[in-house]
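Structural overview for review
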Amino acid sequence: MAFASPISSSYYLHNLCSKPLPRDPNSNPRKNLTKLNKIRTFPLLHRPPICSSQWEGRDSSTFNIFSSVASADIVLDETVEKVQLPKGDTWSIHKFGGTCVGTSERIRNVADIIVKDGSERKLVVVSAMSKVTDMMYALIFKAQSRDDSYITTLDAVLEKHKSTALDLLDGDGLSSFLSQLHQDIGNLKAMLRAICIAGHATESFSDFVVGHGELWSAQLLSSVIQKNGLDCNCMDTRDVLVVNPTSSNQVDPDFLESGKRLEKWYSENPSNMIVATGFIVSTPQNIPTTLKRDGSDFSAAIMGALFRARQVTIWTDVDGVYSADPRKVSEAVILKTLSYQEAWEMSYFGANVLHPRTIIPVMKYDIPIVIRNIFNLSAPGTMICRPAGSEDEIDQRLESPVKGFATIDNLALVNVEGTGMVGVPGTASAIFNAVKDVGANVIMISQASSEHSVCFAVPENEVKAVSSALESRFRQALDAGRLSQIAVIPNCSILATVGQKMASTPGVSASLFNALAKANINIRAIAQGCSEYNITVVVKREDCIRALRAVHSRFYLSRTTIAMGIIGPGLIGGALLDQLRDQAAVLKEKFNIDLRVMGITGSRTMLLSDVGIDLSKWRDLQVEKGETADMQKFVQRVHGNHFIPNTVIVDCTADSYVASHYHDWLRQGIHVITPNKKANSGPLEQYLKLRALQRQSYTHYFYEATVGAGLPIIKTLQGLLETGDKILRIEGIFSGTLSYIFNNFVGTRAFSDVVVEAKEAGYTEPDPRDDLSGTDVARKVIILARESGLKLELSDIPVQSLVPEPLKASASAEEFMQQLPKFDQDLAKQRQDAEAAGDVLRYVGVVDVVNQKGIVELRRYKKEHPFAQLSGSDNIIAFMTQRYEKQPLIVRGPGAGAEVTAGGVFSDILRLASYLGAPS
Ligand code: ADP
Ligand code: ASP
Ligand code: MG
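Think of each chain on its own: its residues are numbered from 1, step by step along the sequence as written. Here chains are named by letter from A upward and ligands by number from 1 upward, in the order in which they appear as written. Local features are withheld for residues below a pLDDT of 70 in this predicted model, meaning they are given only at 70 or higher, and side-chain atom pairs are given and counted only at 80 or more; totals for whole chains, interfaces and linings count all residues. To get the side-chain values, all heavy atoms of the structure are used, and hydrogens and water are removed first.

A few words on the overall build of the protein chain. Strands here mean DSSP runs of E at least two residues long; helices mean DSSP runs of H or I at least four residues long; both are numbered from the N terminus. Regarding its fold elements, the protein chain presents 32 helices and 30 strands. Buried residues in the protein chain amount to 54% of all 920 residues. Here's how the labels work: a residue is buried when its accessible area is under 20% of the maximum for its type, exposed when over 50%, partly exposed in between, all with a 1.4 Å probe on protein chains only.

Right under this line is the structure:
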C-alpha cells in the first residue's frame, strides 16, 4: 500500500522554519548555530511523516521552512552558548483567524500589518486558510465512511494552496513550498487510503490530518514576510506546546513542559519575529493532537502566557465582540471593553468570536486580549482585560449592567423528577455520574430547592445516550415510583445574558424575564450562578432568535421593532399606511420605535416583505408585486420573521370573519389592534374568551378606534375603572352621521333633505340606512357596556331605528332616498314638539350601568345641554361616575372619518410600542 514510504521510516526530521545560518559565526554572539539544523527524532507512530521532506537548495538569505537533514550527520557543538528566551512586555502576540488568511491577497495584507507593527518582538499565530480545516475534517469523515470523493476534496485542498502559493511566492520559496505541499498531499493520500480501507480513523490520525491547514498557512505567511524583507522564524507548535488529554474531549496545556520546550526551541531558533501554527499541539509523548475546533485563539493565549507578552491581539473579520452575534441581531453594538469573566461567559455560551478557553492562560498574568477587524483597521476593537478602576466613572455608570447575550442551539433538556429525590443525599451525584459515564457535556443545571426535580441541558446529539444511561441507572427507582419520570425535551436553545455588573444591580433578571414575556416567549429552565455574571435561560429552539432580539433591545435601548401586518388597505387602512409612512422617520429617530409593515392584505391580493414594505410606494407595490390573498400565509409570514420579536396585526376591516381570528392570533403571541367593532360587539361568550386570554398573557389587544374613532373614549373609560371610579352611566352621540343630521335638522328643513345633504357631503354610508338603523351605535354601546363590566348581548339593546318600517325592505339606497320624503312628517312633528319645549332632538346611545342595560334612541335635550351645542359631525360622550357625578366627564370632537380613525389606530400602535419597552 502506498503508505509504506514515509511511515516505514523510523524517524522524522522536522526542524520547521529554521533561521538562516549566520555567515560569520564569530560576529554573532550566538555562536555555532549549526545546531539549528539538528535532528529531532520522533519514533514511528508518535510522529507521522509530515516533515520528512527537505526544504533545501536555498541560499543563506532565503528562509528555510521544514529544513531537515536527512543524512542526520550534523554534529552539535555542546559548548554553544544558550540563547535565553527574553520574556515579557517586549513581546506582542498576534493571532490571525482563517478569514484573515483566506486568500493570497489577505495573506499579503496580514504580512503588511505584521511588518508595520512596531513591537520589538512579535509572535504571530495563524489559523488555516478559511474553510481548510472543514475540508480536512471532511476528508477524514469521507475516508472512514469509505466515500471515495475524499480524493476530490484532497485535490481541492492541494489546488487551493498551490494557487495561493503561485500568487504569493516565486523562485526558491515557491518551489520549496510546492514540493513540500505535494509531498504532504501524497502522504495524506496514503493515510486517507488506509483510513478508507480500515473504515476507521484513530483520533491521533485525524488530528494529524486536520492540522495540515495551519502548517501550510504558517509556511505561506512566513515566506511572504521573508519576501517583505523581515527576518522570520517559523514554529511548528507541536514542537513546543504540550497538552494532556482530558476525559471530556478537551486538552489541558502543560505549561511547565511547554515552557521548557519553548526555551529550548527559542535557543535553537532565536528570533524577534516568529510565525507559529495555531491549533496544533503535541501530547507529552509527542503524538500530534489539536486544541480542538477554533483552537487557534487558545494557541495565541497559551503563547501569550508562555512569553508573558504585553498583549494578545486576535484579528478576525468583525470589529470586535458585539453585544450579540451580529448575524442574528443587526442592532448589536461593539463592546469597548469586557472583563475576562464576561468574555469567558460570552464565548462559552456561543459567541464564537473567541474560543472560551482563550481567557484562562492570559488572565493569570493580566495580559489584555484585543479583538480587532483586519478589514477595518480604523476600528479600535474590543479590549478584554481586568475591569478598570475609577477611570471613566460616568461611562461606567451609564453602561448597561448587561454586556452581552449569546446563544447555543441544538440542545435538549433532561428532567429527572420524583418525590423520592427529596432529601435523599447522592441523587444529584448519581445522575451526573451516569451522565459522565456516557461522556456527555452538561451545559447547564437547574434544581429548585424542593429537590423534586433536577433539570439539565446537554447537546441534542448526546441526549439519547444520556437518557438511556439514566433509565438504566434509575430503573429500580422508576419502577418503585420514587422517580416519576426521566423526560427529554428536545429542540431547545440556551440564551445567556452576561455582565459582571449584573451582580450589583437589582432588577436585571426582572427586566430580562419581562422582555421575554412581552415577546411571548416561554422559558423552560433558568440558571444563575451565585457569581451573578450570567443568567441562563432555556427556550424553545424556534423562539431563540426572537428571544435574543427581545432581550437585546430591552438592554441596549435599540429600536423597539414591531412587525406589522395590515388587513384591509381601504379607507382607514390606507390612511393608516400613509400616516405610518409620514411618521416613520420621526418615530425611529426620536422615540427609537421601528415599525415595519411586513404585509398588507386585502380580500383579493396581499403584499409581503421580509424586511418591511417601502411605504412610500405601497400602492404601486401592491399592484406590481401583490399575490393572491391567503390569510394563513399572510399571518405566518408576518409573524414568522424571527429577527423581529414582536408582531401586531392591525385589522382595518369591518369584517366578522377577520375578527374571528383574533383569539387564535393572540394565543400565538400576536398583538391585535383594530377599529373593527365586530369582535367586541359579537357573541358575549367569544368576547369574554378573548378578554380572558388577553388578561392572562402579555399579548395586547387594543381597540380604541372602535368607539369615537380617534377620540380617547376606551382609554378614558379604562382609566376611570382602573383607578377605582364607579361608572354610573355613559351617554353619548356616537354616530358622526347622525350627529351631523340632527345638528342640521333645524328650522323648517325636511329630515330627508338633511339626509340627502349628509350623503352628498360623504358623511353617510353608501346606503344611509346603515347609519339610520342605529345598529352601529348599538355596537358602540355594547362595547362600552362590556368594558364597564356588563354582560350584555347586542340583542339586549333596544334600538330605535330611524328607517321607516316600510322602507326597511327597499331594494336599493336610491329607492330608499326617493321614498324617504314621504315619511318626513313624523320627525318634523317630534322636532316641533321639542322646540316648543326648548329642547333639541339627539340620537344617542346610553349605557345604564346602575340598571345594567343599554339603549339606543332619539332623545330630547335642553338647548343648554352640551349635547345640544354640537356642530358638524362631532361625537360627544359623557361619563357619569361616582367621581364625576355632578358634572359628567365629557369627551367631544370629530368621531368619524378615515383620517381620525386611522389616527386612533396609530395611537394604539404607539401604545403597544411603549408597552413593549419604547421610551416615553
Ligand atoms: P476566525 O476565523 O477569525 O477565528 P470566527 O468565525 O471563529 O473567526 O469568529 C468570528 C465570527 O464570530 C464573526 O464573524 C461573527 O459572525 C461571530 N460572532 C458570534 N458572536 C459574536 C459576537 N458576540 N461578537 C462578535 N462576533 C460574533
Ligand atoms: N483552523 C482551526 C479550526 O478551524 C482552528 C482555528 O482556526 O481556530 O477549527
Ligand atoms: Mg475563531
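That shown, we press on.
Below, the discussion takes up helix 24 (residues 684-696). Between its terminal C-alpha atoms helix 24 stretches 18 Å, which fits the 18 Å expected from 13 residues at 1.5 Å a residue. Of all the positions in helix 24, only Leu684, Tyr687, Leu690, Arg691, Leu693 and Gln694 are classed as buried. Contact definition: two residues touch when any of their heavy atoms are within 4.5 Å. Elements in contact with the buried residues of helix 24: helix 22 (662-667), helix 23 (678-681), strand 25 (701-702) and helix 29 (775-787). The span one expects for a helix is its residue count, reduced by one, times 1.5 Å.

Nearness of a residue to a molecule or strand requires only that one of the residue's heavy atoms be within 4 Å of it. Lining the immediate environment of ligand 1, one finds 18 residues, of which Thr316, Asp317, Tyr322, Arg327 and Asn352 sit closest. Within the backbone of Val353, an N or O atom sits 3.5 Å from an oxygen atom of ligand 1. Look at ligand 1: alone it shows 570 Å² of surface, and the protein chains cover 88% of it. Residues of the shell around ligand 1, tallied by class, amount to eight nonpolar, six polar and four charged. Polar contacts, as used here, are pairs of N or O atoms within 3.5 Å; protein pairs need one atom able to donate a hydrogen and one able to accept it. Residues neighboring in sequence count only if both atoms are side-chain atoms. Accessible surface is estimated by sampling points in the Shrake-Rupley manner with a 1.4 Å probe; for residues, cover comes only from the protein chains shown. Following the grouping adopted for this structure description, the nonpolar residues are Ala, Val, Leu, Ile, Met, Phe, Trp, Tyr, Cys and Pro, the charged ones are Asp, Glu, Lys and Arg, and the polar ones are all others, Gly among them.

An order of 28-27-26-29-30 is seen for the five strands of this open sheet, with the pairing classed as antiparallel. In the strand order of this sheet, the two ends are held by strand 28 (853-862) and strand 30 (889-894), each with one partner. Direction aside, the axes of adjacent strands within the sheet are offset by 20 degrees on average. Two strands are said to pair when DSSP picks up at least two bridges between them. Taken together, the ten bridges between strand 27 (residues 839-848) and strand 28 define a ladder with antiparallel strand orientation. Lines are fitted to the C-alpha atoms to define the axes, a helix being fitted only along its stretch in contact, and any angle between axes, read from their N-to-C directions, falls within 0 to 180 degrees.

Taken as a whole, the largest pocket spans an internal volume of roughly 1300 Å³. A cavity here means a set of points on a 1 Å grid, drawn over the protein atoms and nothing else, where a 1.4 Å probe fits but cannot get out; a pocket is an open set with protein on both sides within 12 Å along at least five of seven lines, and a residue lines either one if it has an atom within 4 Å of a point. Forming the boundary of the largest pocket are 38 residues, of which Gln250, Tyr348, Pro356, Asn441 and Ile443 lie nearest the centre. Among the elements of the structure, helix 9 (296-307), helix 10 (340-348), strand 13 (404-417) and helix 13 (427-437) are those that each provide at least two residues to the lining of the largest pocket. Ranked by residues supplied to the lining of the largest pocket, first place goes to strand 13 with five residues. Its residues assigned to classes, the lining of the largest pocket shows 16 nonpolar, 13 polar and nine charged. Grid points are joined across faces, edges and corners, and a volume is the space filled by probe spheres set on the points. Reported here for the second largest pocket is a volume of approximately 1200 Å³.

With respect to the helices and strands, Phe456 occurs in strand 15 (residues 453-459). Relative accessible area serves as the criterion here: at 0%, Phe456 is assigned to the buried category. Sequence-wise, Phe456 and Ala527 are 71 residues apart; in three dimensions their C-alpha atoms are separated by 9.6 Å. Phe456 has contacts with Ala412, Leu413, Val414, Val416, Ile431, Phe432, Val435, Val442, Met444, Ile445, Val466 and Leu470, leaving out every residue within four places of it along the chain.

With that settled, consider the packing of aromatic side chains. Put simply, two rings from Phe, Tyr or Trp (the six-membered ring, in Trp's case) pair if the centres are within 6.5 Å, and we call them stacked under 30 degrees between planes, edge-to-face over 60, tilted for the rest. Per the counting criterion, the structure on display carries 16 aromatic pairs. Seen from their ring centres, Tyr348 and Phe349 are 4.8 Å apart, and the 85 degrees between their planes marks the pair as edge-to-face. You can call Tyr348 partly exposed: its relative accessible area is 26%. Taking relative accessible area as the criterion, Phe349 reaches 5% and is therefore assigned buried. Ring centres of Phe702 and Tyr915 lie 5.4 Å apart, and the angle between their planes is 90 degrees; this geometry places the pair in the edge-to-face category. Within this pair, whereas Phe702 is found in strand 25, its partner Tyr915 is found in helix 32 (residues 898-915), the two being separated by 213 residues in sequence.

Looking now at the site of ligand 2. Around ligand 2, the neighbouring residues are Ser127, Thr133, Glu214, Phe279, Arg293, Asp294, Gly295 and Ser296. The contact in question runs from an oxygen atom of ligand 2 to an N or O atom on the side chain of Arg293, over 2.7 Å. Asp294 places a main-chain nitrogen or oxygen 2.7 Å from an oxygen atom of ligand 2. Here ligand 2 has 260 Å² of accessible area as a free molecule, and 90% of this is covered by the chains. Taken together, the residues of the shell around ligand 2 break down into one nonpolar, four polar and three charged.

Here Tyr884 shows up in the loop between strand 29 (874-881) and strand 30. Taking the C-alpha atoms as reference points, Tyr884 and Leu728, 156 residues apart in sequence, are found 9.3 Å from one another. Ignoring anything within four residues of it in the chain, the contact list for Tyr884 reads Leu720, Asp725, Phe879 and Leu889.

Once that is clear, we can look at the sheet that holds strand 23 (residues 646-651). What the seven strands build is an open sheet, ordered 22-21-20-19-23-24-25; its pairing is mixed. The open sheet terminates on both sides in strands that have one partner only, identified here as strand 22 (627-628) and strand 25. Where strand 21 (residues 605-608) and strand 22 come together, two bridges link them in antiparallel fashion. Within strand 22, the position partnered with Thr605 by the bridge is Thr628.

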